[in-house]
Amino acid sequence: QVQLVESGGGLVQAGGSLRLSCAASGVIFSINRMGWYRQAPGKQRELVAIITTDDNTNYADSVKGRFTISRDNAKNTVYLQMNSLTPEDTAVYYCNMVVPGTLGPRNYWGQGTQVTVSS
């Protein structure tokens, strides 16, 4: 059973930083990509950042220059360093992992970790 376990969320003042971690466990033969999404109250879940196994990255425009995604392939772990946080970054952050499947790519999600930025 594949599981994604997130950590590192919390409450921070505007301008502060947080680092999220997400560790994947279980039987994992290969990974297409890992990433982070977020969902604020009353809004749809949106992409924050993704990273592929060869370290290609993609960021939402709203976080470019402030957030950095990285991964440790040996540990099946992905990180999100968040700097210069603003109240608009307040949301539940979800880890995502995409792996190859016999019928196409399969998505796995973490349980989510709350990030709250106070003004």
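Source: prediction; values computed, not measured. (Residues numbered from 1 in each chain as written. Predicted model: local features only at pLDDT ≥ 70, side-chain atom pairs only at ≥ 80, totals over all residues. Heavy atoms only, no water.)

Novice: I'd love a proper account of the pattern of salt bridges, names of residues and values included.
Specialist: Scanning the entire structure with this criterion turns up 4 salt bridges. Residues E46 and R38 are paired through a salt bridge, measuring 2.7 Å at the closest nitrogen-oxygen approach. Relative accessible area serves as the criterion here: at 37%, E46 is assigned to the partly exposed category. Using a relative accessible area of 6% as the deciding quantity, one classes R38 as buried. When the shortest N-O distance is used, the salt bridge between R38 and D89 registers 3.0 Å. Taken together, the residues span a long stretch of sequence, with R38 in strand β4 (residues 33–39) and D89 in the loop between β8 (77–82) and β9 (91–99) at a distance of 51 residues. Each member of the pair, R38 together with D89, is buried. One continuous salt-bridge network, built from bridges that share partners, spans R38, E46, R66 and D89. (Salt bridge = Lys/Arg side-chain N within 4 Å of Asp/Glu carboxyl O. Buried < 20%, exposed > 50% of the residue type's maximum accessible area, 1.4 Å probe, protein only. Helix = DSSP H or I, 4+ residues; strand = E, 2+ residues; numbered from the N terminus.)

Novice: For the pairing of strand β10 (residues 106–109), give the residues involved together with the corresponding values.
Specialist: Note that β9 and β10 share 4 bridges and pair antiparallel. Within β10, the residue paired with V98 across the bridge is N107. (Pairing = 2+ DSSP bridges.)

Novice: Quick one: what's the story with the sheet that holds strand β3 (residues 18–25), residue by residue and with numbers?
Specialist: Whenever strands of a sheet pair, they do so through backbone hydrogen bonds, lying parallel or antiparallel. If you trace the 4 strands from one edge of the open sheet to the other, you get β1-β3-β8-β7, paired in antiparallel fashion. Edge strands, defined here as strands with exactly one partner in the open sheet, are β1 (3–7) and β7 (67–72). In this sheet, neighbouring strand axes are inclined to one another by 15° on average, regardless of whether the strands run parallel or antiparallel. In this structure, β3 lies alongside β8, joined through 6 bridges in antiparallel fashion. From the neighbouring strand, C22 faces β8, where its bridge partner is V78. (Axes fitted to C-alpha atoms, helices over the stretch in contact; angles between N-to-C directions.)

Novice: Account for the environment of V63, naming residues and giving values.
Specialist: Relative to the assigned elements, V63 resides in the loop between β6 (57–59) and β7. Sequence-wise, V63 and K43 are 20 residues apart; in three dimensions their C-alpha atoms are separated by 17 Å. What V63 contacts, discounting residues up to four positions off in sequence, is R38 and V48. (Contact = heavy atoms within 4.5 Å.)

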